[in-house]
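Observations on chain architecture
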Amino acid sequence: KKDNFFIDKEITFYNDKIKLCGTLSLPDTIKKHPVIILISGSGAQNRDEEIYDFPIFKEISDHFVKNGIAVLRYDDRGIGCSDGSVSNSTLEDFSNDVISAINFLKNSKNIDKTKIGLLGHSEGGIVGSIVASKIPEIKLLILLATPGDSGTTIIKEQTKNIFKIKGLSDSVIAGELKNTINIHNVIIKDSGWEELRKDIKEKIKLKFEDPKNIQLYSIENKDIFIENLVESQISSYKTKWIKSFLTVNPQTYLKNV
């Protein structure tokens, strides 16, 4: 597809058996161009990283291409025609996706393979840092709103700040932090699941008993409903992604960039 200032090419590349689909945007097809790979943040994002209908990566891509720099952006695992699943993948898996994109670009006739850069947004910046620490040929690393600490540290800080904004007391915040730390310990150590399951069930039951939660009174088969809620939470805690996010520390990689 040709625009008034660049050419978009639909591309496909592979990380082992995982197929990834994307767009390679070129200023023209006459010469070789430096290139930036865009790496999205947490969650399953399409190649434009649309958040509330705003195509963040499309805007960034257009800016680079207008200034003579090619851009590769791609759909995350499980989005569009890309294979796999974000929740069943680790940050290491995502970094290997980027390395596969780099290998694809090295064989593209319109790309200057000596000038490959990475731009990572949020968690994508951690992934970019992992890749840049492994691939010395990377010439540029841009980090947008990227964490500088482990996921478990970040979530604890977020939990504390959110409840402070809500005006909760220090004792309530301390209790919530204790609960968060307990969940993280179970995930990281992969033990204590049954105790956590019981704890979650008790907390949900208390919500049902709270007279403020009027909407919960009309639910039929409450026991089944509660069991489903418990299992849904446990399933979200047992994904490969959450354990990876909690344990990977960006500082490990940034000091090697």
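See the structure printed just above.
What this report covers is the structure whose coordinates are included nearby. Model, not experiment: these values are computed from the prediction. Here the residue numbering is sequential within each chain, running from 1 through the sequence in written order. Local features in this predicted model are restricted to residues whose pLDDT is 70 or higher, and side-chain atom pairs enter the listing and the counts only when it is 80 or higher, whereas totals over whole chains, interfaces and linings include all residues. Side-chain measures here rest on the full set of heavy atoms in the structure, leaving out hydrogens and waters.

Looking now at the side chain of R73. Each helix is a run of DSSP H or I of at least 4 residues and each strand a run of E of at least 2, with the numbering of both proceeding from the N terminus. With respect to the helices and strands, R73 occurs in strand β6 (residues 70–74). Per-residue accessibility, obtained with a 1.4 Å probe over protein chains only, is compared with the maximum for each type, and a residue is labelled buried under 20%, exposed over 50%, and partly exposed between these values. Using a relative accessible area of 4% as the deciding quantity, one classes R73 as buried. Under this definition, polar contacts are N or O atom pairs within 3.5 Å; protein pairs additionally need one hydrogen-donor-capable and one acceptor-capable atom, and for neighbouring residues in sequence, both atoms have to be side-chain atoms. There is a polar contact of 2.9 Å between the side chain of R73 and the side chain of D48. Whether two residues are in contact is decided by their heavy atoms: any pair within 4.5 Å suffices. For R73, the residues in contact, after removing those within four places along its chain, are G22, T23, S25, L38, R47, D48, F57, K58 and S61.

The subject of this paragraph is the layout of surface pockets. A volume near 650 Å³ is recorded for the largest pocket. Considering the residues around the largest pocket, the lining is formed by 21 residues, among which E176, N179, I183, Q233 and Y237 are closest to the centre. When contributions to the lining of the largest pocket are tallied by element, the ones reaching two or more residues are α4 (151–165), α5 (170–189), α6 (193–209) and α7 (222–237). The dominant element in the lining of the largest pocket, judged by the number of residues it contributes, is α6, at seven residues. All amino acids are sorted into three groups, where Ala, Val, Leu, Ile, Met, Phe, Trp, Tyr, Cys and Pro are nonpolar, Asp, Glu, Lys and Arg are charged, and the leftover types, Gly among them, are polar. When its residues are assigned to classes, the lining of the largest pocket shows ten nonpolar, six polar and five charged. Cavities and pockets were defined on a 1 Å grid built from protein atoms only: a cavity is a group of points that admits a 1.4 Å probe but offers it no way out, a pocket is an open group of points flanked by protein on both sides within 12 Å along at least five of seven lines, and a lining residue is one with an atom within 4 Å of any such point. Grid points are joined across faces, edges and corners, and a volume is the space filled by probe spheres set on the points.

Together, L143, L254 and V257 make up an exposed nonpolar region whose accessible area comes to about 230 Å². Looking at where L143 falls in the secondary structure, it is placed in strand β8 (residues 138–144). Each patch groups residues whose relative accessible area exceeds 30% and which form no salt bridge, using 9 Å between like charges and 5 Å between nonpolar side chains of Val, Leu, Ile, Met, Phe, Trp and Tyr. Where accessible areas are quoted, they stem from the Shrake-Rupley method and a 1.4 Å probe; at the residue level, only the protein chains shown are allowed to cover. For salt bridges, the criterion is a side-chain nitrogen of Lys or Arg within 4 Å of an Asp or Glu carboxyl oxygen.

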